[in-house]
Amino acid sequence: MQGDSVGLALTHKVLGVVGRSGSGKTTLLEWLVSQLAVAGLKVNVIKHSHHDLELEPPHKDSARLRRAGAAEVLVASPYRYAIVRELRGAPEPALDAQLARLSPADLTLVEGFKSYPIAKLEVFRPASGNAPLYPDDGHVIAVASDVPAPDGLRPGLAWLDLTQPATVLAWLRRHTGC
């Protein structure tokens, strides 16, 4: 792991959104981003994946050029652009390097990158059968869950009602100042 939360905080307002697979992270993020955007805020999102990414059909020119050996291919249209960089065996860039590639925003939400030392909101649903992350990760500062808070939470850990996403949004806005 490279970088530190102090360096990240100096250049970006960043909040991690973590949780086990199937907990509802993306669903919550989608709603939060839509509400923040409606409020006029610019929100960036970094989504980490452990899987290979197929961002274009294999028969498209950009994919063919990548396969031919291009280090980076920028695909541009009047609606959006994307840069695809092939790592070709190089290590995956650290979160701070990924943040440096983004344009300025009011807030950057990071889904994944669980091991990075950044403030995190955990999405936790006990019915999924998975253990929570917050007991072993002091960087988890809030938990959004569909069950009441258990006894014995560490001081300062916010417990939010996942079934009332507006309460999660209100907490996020207070925490980030956005």
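The text that follows walks through the structure, step by step, so that each part is easy to find. (Residues numbered from 1 in each chain as written. Predicted model: local features only at pLDDT ≥ 70, side-chain atom pairs only at ≥ 80, totals over all residues. Heavy atoms only, no water.)

**As for the pattern of salt bridges**
Overall, the coordinates contain seven salt bridges when judged by the stated rule. Residue E111 pairs with K47 through a salt bridge whose shortest N-O separation is 3.4 Å. Residue E111 is located in strand β5 (residues 107-111), and its partner K47 is located in strand β2 (residues 43-47); the two are separated by 64 residues in the primary sequence. Looking at E111, the relative accessible area reads 5%, which means it is buried. Under the relative-accessibility criterion, K47 is labelled exposed at 52%. (Salt bridge = Lys/Arg side-chain N within 4 Å of Asp/Glu carboxyl O. Helix = DSSP H or I, 4+ residues; strand = E, 2+ residues; numbered from the N terminus. Buried < 20%, exposed > 50% of the residue type's maximum accessible area, 1.4 Å probe, protein only.)

**Side note on the side chain of S23**
Mapped onto the secondary structure, S23 falls in the loop between β1 (14-18) and α2 (25-38). Among the residues examined, S23 registers a relative accessible area of 3% and is labelled buried. Within the local environment of S23, its side chain forms a polar contact with the backbone oxygen of R20, the two atoms lying 2.9 Å apart. A distance of 3.4 Å separates the side chain of S23 from the backbone oxygen of V123, its partner in a polar contact. Beyond its immediate chain neighbours, meaning those up to four positions away, S23 contacts V123, R125 and L162. (Polar contact = N/O pair within 3.5 Å; in protein donor to acceptor, adjacent residues only side chain to side chain. Contact = heavy atoms within 4.5 Å.)

**Quick word on unusual backbone geometry**
Phi is positive for R88, which is not a glycine, with a value near 45 degrees. Summarising the element assignment, R88 is placed in the loop between β4 (81-85) and α4 (95-101). Residue class for R88 comes out partly exposed when judged on its relative accessible area of 49%. In this model, F113 sits at a positive phi of 50 degrees, which is unusual for a non-glycine residue. Note on placement: F113 falls in the loop between β5 and β6 (120-124).

**As for the packing of aromatic side chains**
By the definition in use, this model includes three aromatic pairs. For the ring pair F124 and Y134, a centre distance of 6.4 Å and an interplane angle of 70 degrees mean the geometry is edge-to-face. With F124 in strand β6 and Y134 in the loop between β6 and β7 (140-145), this residue pair connects regions lying 10 residues apart in the sequence. On the basis of relative accessible area, F124 is assigned to the buried category, the value being 10%. On the accessibility criterion, Y134 (11% relative accessible area) is buried. With a centroid separation of 5.5 Å and 85 degrees between ring planes, the pair formed by Y134 and W159 is classed as edge-to-face. Taken together, the residues Y134 in the loop between β6 and β7 and W159 in strand β8 (residues 158-161) connect sequence positions 25 residues apart. For W159, a relative accessible area of 18% gives the class buried. Here a set of aromatic residues connected by ring pairs shows up, and it is made of F124, Y134 and W159. (Phe/Tyr/Trp six-rings, centres within 6.5 Å; stacked < 30°, edge-to-face > 60°.)

**Here we look at the sheet that holds β1**
Strands sit in the order β2-β5-β1-β6-β7-β8 across an open sheet of six strands; the sheet is parallel. Each end of this open sheet is capped by a strand with a single partner; those strands are β2 and β8. Strand-to-strand twist across the sheet, computed as the mean angle between neighbouring axes with direction ignored, equals 25 degrees. Of the strand pairs in this sheet, β6 and β7 are connected by five bridges, and their pairing is parallel. Paired with F124 across the two strands is S145, which belongs to β7. Against the sheet, α2 contacts β1, β2, β5, β6 and β7, and its axis sits at roughly 170 degrees relative to β5. Most of the contacts of helix α5 (residues 165-176) go to β8, to which it runs at about 145 degrees, and overall it touches β1, β5, β6, β7 and β8. (Pairing = 2+ DSSP bridges. Axes fitted to C-alpha atoms, helices over the stretch in contact; angles between N-to-C directions.)

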